[in-house]
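Structural characterization, general
One letter stands for each residue in the lines below.
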Amino acid sequence: MRTDAAYAQELDAQDPLAHFKDKFVFTDPNLIYLDGNSLGRLPKATKAMLNGLIDEWGDRLIRFWSEDHFNIARDLGDKVAELIGASAGEVIIAESTSVNMYKLFHAALEAQPGRTRIVTDNLNFPSDIYILDEINRKLGNTHQIEVVQSDDGMTGPVEAIKALLDEDTALLTLSATVFKSAYNYDMADINAAAKEAGVLVVWDLSHSVGSVPIDLNGTGADMAIGCTYKYLNSGPGAPAFLYVREDLQNKLSNPIAGWHSRKNQFDFGLNYVPKDGIERFYSGTPEAFSMAPIEIGVNLLLEAGMDRIREKSVAQTEYLISLVDAYLKPYGFTVNSPRDAAYRGSHVAIGHPEGWRINQSMIKDMNIIPDFRAPDNIRLGITPLYTTYAEIHETIMRIQRIMDEKLYEKYTLASSATGVT
Ligand SMILES: *Cc1c(COP(=O)(O)O)cnc(C)c1O
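Residues numbered from 1 in each chain as written. Predicted model: local features only at pLDDT ≥ 70, side-chain atom pairs only at ≥ 80, totals over all residues. Heavy atoms only, no water.

Details of the packing of helix α1 (residues 5-14) against helix α14 (residues 389-404)
Direction vectors running N to C along α1 and α14 enclose 155°, while the axes themselves pass 7 Å from each other. When the axis of α1 is compared with that of α14, the two are roughly antiparallel. Packed against α1, whose contacting residues are Ala5, Ala8, Leu11 and Asp12, the element α14 presents Tyr389, Ala390 and His393 at the interface. Across the contact of α1 with α14, the residue classes tally to five nonpolar, one polar and one charged. (Axes fitted to C-alpha atoms, helices over the stretch in contact; angles between N-to-C directions. Helix = DSSP H or I, 4+ residues; strand = E, 2+ residues; numbered from the N terminus. Parallel < 35°, antiparallel > 145°, perpendicular 65-115°, else oblique. Contact = heavy atoms within 4.5 Å. Nonpolar A, V, L, I, M, F, W, Y, C, P; charged D, E, K, R; others polar.)

Shown next, in the form of structure tokens:
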């Protein structure tokens, strides 16, 4: 592959998704933003939409709910369903990803009496592990949690996981795209193995939704949760989504059974009777302002089409890896993401023993925003709706300058990376 700057310009000129960049707010044209996998950019349309919603509150007061927004969490769930291969009535928006994990992990364990093993991997996100541990502790340590280790800290330990799927296992939970290396599990393969053993699966789609095509129904997925503030561009703290396959919904119970999940909730009866269907996973009043931007974020992705987004994401991550090989390998950089695109999501982690200091220099000297994940991963997030090939090329040039001029040496060695980037 060509590695010159002119080639990047040519690739941008041929990019069928290039015009989507104009739909986002850019305030610093020199900033290279490679952290859309932690917090997506602001779509231009979102600002006006939110202002309109605030005006509605001012004018309509309590009528805000009854006139238009009472079912917002369900309506936006149906919208997200279009993006992840789910059906209408299988997805709601609610709370944070972590809280939804609690709901679904707890529900899955309760639905599998007699099965005492929980399986996950050490590539999973901290919340997922903490919440499993805490649920188990509150149940009286009734379960054995197997955290299957990845051999290389990058690749999913698929065979070792499958070996634990038997009649003793209640629940398997994995991040479909893992947050450090971007390794992608083959969801159809894992779902099939779990189903055969009667194991329920909860997928964490936080790093997958909007970056790789997801087909929950087509791959036979039981349950899933995921973020909307990453590739769905719905804003800081936008609530998460929760998916439960239709035929499972009424067999499960919600451990945070608030009034919004009660049948005939406006009876205000003090005896709890869950709603039928996905709405039994509600808890309280929907976070209307925070979730409203999801519609705009998802519509942009649907308009671009997940197949075209994936195609561009693969092309851009391949391009990035080829530039790392060509320019940065001599300085001791490694590629800490799978080289086979079929097993890679939409970010590339590059490693270096000085990774933490180099990451600081990228932010402070070079006006690039990546993020750092211990021990040595500098994550470069590709968001095909607005990342250009020219930015990828320029990123590599700026990192090369950091290395040539040893700019990173002025930063202190941090024993632990604190803060968000
Ligand atoms: C970002 C992320 C989360 C975040 O959870 P919140 O409760 O929204 O903070 C969870 N899981 C994974 C895999 C993530 O990447």
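Points about the site of the ligand
Not every one of the 13 residues close to the ligand is listed here, only the nearest: Ser98, Asp204, His207, Tyr229 and Lys230. Here threonine 97 contributes a side-chain N or O atom positioned 3.3 Å from an oxygen atom of the ligand. Histidine 207 places a side-chain nitrogen or oxygen 2.8 Å from an oxygen atom of the ligand. When the ligand sits alone it has 390 Å² of accessible area, and the protein chains cover 86% of it. (Near = heavy atom within 4 Å. Polar contact = N/O pair within 3.5 Å; in protein donor to acceptor, adjacent residues only side chain to side chain. Areas by Shrake-Rupley, 256 points an atom, 1.4 Å probe, with all protein chains shown as cover.)

Some remarks on the sheet that holds strand β9 (residues 334-335)
Sheet architecture is open: four strands sit in the order β9-β10-β13-β12, paired in antiparallel fashion. Both outer strands of the open sheet, β9 and β12 (371-373), are each paired with one neighbouring strand and no more. Bridge analysis of β9 against strand β10 (residues 347-351) gives two bridges, and the strand direction is antiparallel. Its bridge partner being in β10, valine 335 is matched across the sheet by isoleucine 350. Sitting on the sheet, helix α12 (residues 306-328) touches β9, β10 and β13 (377-381), and the angle it makes with β10 is about 15°. Helix α13 (residues 355-364) rests against β12 and β13 of the sheet, and its axis sits at about 40° to β13. (Pairing = 2+ DSSP bridges.)

Here's the deal with the pattern of salt bridges
Evaluation of the coordinates by the stated rule reveals 25 salt bridges. With a shortest N-O distance of 3.0 Å, aspartate 4 and arginine 2 are connected by a salt bridge. On the basis of relative accessible area, aspartate 4 is assigned to the partly exposed category, the value being 30%. With a shortest N-O distance of 3.0 Å, aspartate 166 and arginine 117 are connected by a salt bridge. Taken as a pair, aspartate 166 in the loop between α7 (158-162) and β5 (169-175) and arginine 117 in strand β3 (residues 117-121) lie far apart in primary sequence, 49 residues in all. For arginine 117, a relative accessible area of 16% corresponds to the buried category. One salt-bridge network, held together by shared partners, links Arg2, Asp4 and Glu10. (Salt bridge = Lys/Arg side-chain N within 4 Å of Asp/Glu carboxyl O. Buried < 20%, exposed > 50% of the residue type's maximum accessible area, 1.4 Å probe, protein only.)

As for the layout of surface pockets
Taken as a whole, the largest pocket encloses approximately 320 Å³ of empty space. Phe125, Ser206, Cys227, Tyr229 and Lys230 are, among the 21 residues lining the largest pocket, the residues nearest its centre. Considering every element that reaches the lining of the largest pocket, the biggest residue donor is helix α5 (residues 97-110), with three residues. Its residues assigned to classes, the lining of the largest pocket shows seven nonpolar, 10 polar and four charged. Counting residues domain by domain, the lining of the largest pocket receives three or more from each of domain 1 (5-43 + 305-410) and domain 2 (70-302). There is about 260 Å³ of room inside the second largest pocket. If you trace the second largest pocket, you find 16 residues lining it, with Gly153, Lys180, Ala374, Pro375 and Asn377 closest to the centre. Across the lining of the second largest pocket, the residue classes tally to seven nonpolar, six polar and three charged. (1 Å grid on protein atoms, 1.4 Å probe; cavity = no way out; pocket = protein on both sides within 12 Å on 5 of 7 lines; lining within 4 Å. Points joined across faces, edges and corners; volume = space filled by probe spheres on them. Domains from an automatic or database assignment.)

Some words on the sheet that holds strand β7 (residues 223-226)
An order of β2-β8-β7-β6-β5-β3-β4 is seen for the seven strands of this open sheet, with the pairing classed as mixed. The open sheet is flanked by β2 (91-94) and β4 (144-148), the only strands paired with a single partner. Adjacent strand axes in the sheet meet at a mean angle of 15° when their direction is disregarded. Pairing of strand β6 (residues 200-204) with β7 involves three bridges; the strand directions are parallel. Bridge pairing links tryptophan 203 to alanine 224 in β7. Set on the sheet, helix α8 (residues 187-196) makes contact with β5 and β6; between it and β6 the angle comes to about 155°.

Quick notes on the domain arrangement of the protein
In many reports, interface size means the accessible area that the parts give up when they come together. Assigned domains of the protein: these are domain 1 (5-43 + 305-410) and domain 2 (70-302). The C-alpha-based centres of domain 1 and domain 2 are spaced at 29 Å. Between domain 1 and domain 2, the residue contacts involve 35 residues of the former and 25 residues of the latter. Both sides together, the interface formed by domain 1 and domain 2 hides about 2400 Å², and carbon and sulfur atoms give 63% of it. At the boundary of domain 1 with domain 2, the tally comes to zero salt bridges. In this structure, the connection of domain 1 to domain 2 is made through 16 residue pairs in polar contact (both at pLDDT 80 or more). If you list the elements that add at least two residues to the side of domain 1 that touches domain 2, you get α12, β10 and β13. A per-element tally of the side of domain 1 that touches domain 2 places α12 first, with five residues. (Buried area = accessible area lost by both parts, 1.4 Å probe.)

Comments concerning the confidence of the model for the protein
On average, residues of the protein score 97 in pLDDT, and 98% of them reach the 70 mark or higher. Confidence scores differ between elements of the protein, with β12 showing the lowest mean pLDDT of 94 and β6 the highest of 99. (pLDDT = per-residue confidence, 0-100.)

Quick look at the pairing of β2
Here β2 shows a buried face lined by Val91 and Ile93 and a second buried face lined by Ile92 and Ala94. As judged from the four bridges shared by β2 and strand β8 (residues 240-244), these two strands associate in the antiparallel manner. Its bridge partner lying in β8, alanine 94 is registered against alanine 240.

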